[in-house]
Amino acid sequence: MSTEIADQKYLHNKVTPQRYAAIDISQKMLDELKESFSDVETVCADFEEEFSLNQEFDFVVIYNSIPHFENLDQVFENACNNLKHGGTFAIMHARSRQQLKEHHERIGHVSSFEPIPSDSRLLDLSRKVGFEIVFIEDDDYFCYIGQRRNQSR
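Within each chain, residues carry numbers counting from 1 in the order of the written sequence. Only residues with pLDDT of at least 70 are given local features in this predicted model, and only at 80 or more are side-chain atom pairs given and counted; all residues enter the totals for whole chains, interfaces and linings. Based on all heavy atoms of the structure, the side-chain values leave hydrogens and waters out of the count.

## Some points on the overall build of the protein
Here's step 1: Looking only at helices and strands, the protein features five helices and six strands.
Here's step 2: When the elements of the protein are put in sequence order from the N terminus, they spell out α-β-α-β-β-α-β-α-α-β-β.
Here's step 3: Should any heavy atoms of two residues lie within 4.5 Å, those residues are counted as being in contact. Pairs at least 24 apart in sequence give 60% of the contacts found in the protein among residues at least 6 apart.
Here's step 4: Areas reported here follow the Shrake-Rupley algorithm with a probe of radius 1.4 Å; residue values treat only the protein chains shown as occluding. A total of about 9,100 Å² of accessible surface is found on the protein, and carbon and sulfur atoms cover 44% of it. In this text, helices come from DSSP runs of H or I with a minimum length of four residues, and strands from runs of E with a minimum of two, each type numbered from the N-terminal end.

In structure tokens form, the structure reads like this:
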């Protein structure tokens, strides 16, 4: 997670992990992560398919990878199902929507879906799973933060 974004915004001084897990579809990426963070629990899985760690977390964070997810309904469902009631779901990207669009144009990448979902799409996804939106920011970077409601869906 970008400390610049996290320190300046909502997560400042709220994340002191006692346990954390990294999930990636690529075992190679997880192996590289383990080289730098040997104590991290890693799980090779596809977050676009039904997924559970069989434990609820205070935070689920997707950083710089939201453009790779097409099945956002399942991503939001998985985030909700792996969060404690009152837990926080954050989607962050080091680039804003416009900066990412320009980057994709420069490298010739064409996506069949929005790399970073629109605010209205995020609102719809949030409502479906019972997240309250804390905020969405899209200036120098992109940040969505939703909180799982304390009641059951």
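## What to know about the sheet that holds strand β5 (residues 131-138)
Here's step 1: Overall, mixed pairing links the four strands, which are arranged β3-β4-β6-β5 in an open sheet. What marks the edges here is a single partner per strand, and that holds for β3 (57-63) and β5. Taken over all neighbouring pairs, the strand axes of this sheet differ in orientation by 10 degrees on average, direction set aside.
Here's step 2: For β5 and strand β6 (residues 142-148), the ladder comprises seven bridges, and the chain directions are antiparallel. Opposite D138, over in β6, you have F142 as the bridge partner.
Here's step 3: Contacts between helix α3 (residues 72-81) and the sheet are confined to β3, β4 (83-93), β5 and β6, with β4 contributing the most and set at about 140 degrees to the helix. Any two strands between which DSSP finds at least two bridges are classified as paired. All axes are obtained by fitting lines to C-alpha atoms, using only the stretch in contact for helices, and the reported angles, taken between N-to-C directions, cover 0 to 180 degrees.

## A closer look at the environment of F76
Here's step 1: Tracing the backbone through its elements, the reader meets F76 in helix α3.
Here's step 2: Each residue is placed in one exposure class: buried if its accessible area under a 1.4 Å probe, protein chains only, is under 20% of its type's maximum, exposed if it is over 50%, and partly exposed if it falls in between. A relative accessible area of 0% places F76 in the buried class.
Here's step 3: Sequence-wise, F76 and F131 are 55 residues apart; in three dimensions their C-alpha atoms are separated by 9.1 Å.

## Quick word on unusual backbone geometry
Glycine aside, negative phi is the norm for most residues, and most peptide bonds take the trans geometry.
Here's step 1: The backbone of N54 shows a phi angle near 60 degrees, a positive value even though the residue is not glycine.
Here's step 2: Residue position: N54 is located in the loop between β2 (41-44) and β3.
Here's step 3: Note on N54: relative accessible area 73%, which makes it exposed.

## Examining the pairing of strand β1 (residues 21-24)
Here's step 1: Looking at chain direction, β1 and β2 are connected through four bridges and run parallel. Note on β2: the bridge partner recorded for A22 is T42.
Here's step 2: For the crossover from β1 across helix α2 (residues 27-36) to β2, the handedness is right-handed. Here the term right-handed applies to a crossover when the path leading from its first strand over the helix to its second strand runs clockwise, the strands being oriented away from the viewer.

## Topic: the confidence of the model for the protein
Here's step 1: Each residue gets a pLDDT score, which is the predictor's confidence in that residue and runs from 0 to 100. Taken residue by residue, the protein gives an average pLDDT of 86. The fraction at 70 or more is 87%.
Here's step 2: Across residues 1-13, where pLDDT falls below 50, the model places 25 contacts with residues more than four positions away in sequence or in other chains.

## Remarks on the pairing of β3
Here's step 1: Where β3 meets β4, six bridges bridge the pair, whose relative direction is parallel. Of the residues in β4, the one forming a bridge with V61 is A90.
Here's step 2: Considered for its hand, the β-α-β crossover made up of β3, α3 and β4 is right-handed.

## What to know about the packing of α3 against helix α5 (residues 119-129)
Here's step 1: The geometry of α3 relative to α5 is characterised by a closest axis approach of 10 Å and an angle of 45 degrees between their N-to-C directions. In terms of orientation, α3 and α5 fall into the oblique class. For the pair α3 and α5, the crossing hand works out as right-handed. Every residue of α5 that contacts α3 at L72, D73, F76, E77 and C80 is listed here: R121, L122, L125, S126, K128 and V129. Convention used here: angles under 35 degrees read as roughly parallel, angles over 145 as roughly antiparallel, angles from 65 to 115 as roughly perpendicular, and any remaining angle as oblique. Rotating anticlockwise by less than a right angle from the far helix to the near helix defines a left-handed crossing, while the corresponding clockwise rotation defines a right-handed one.

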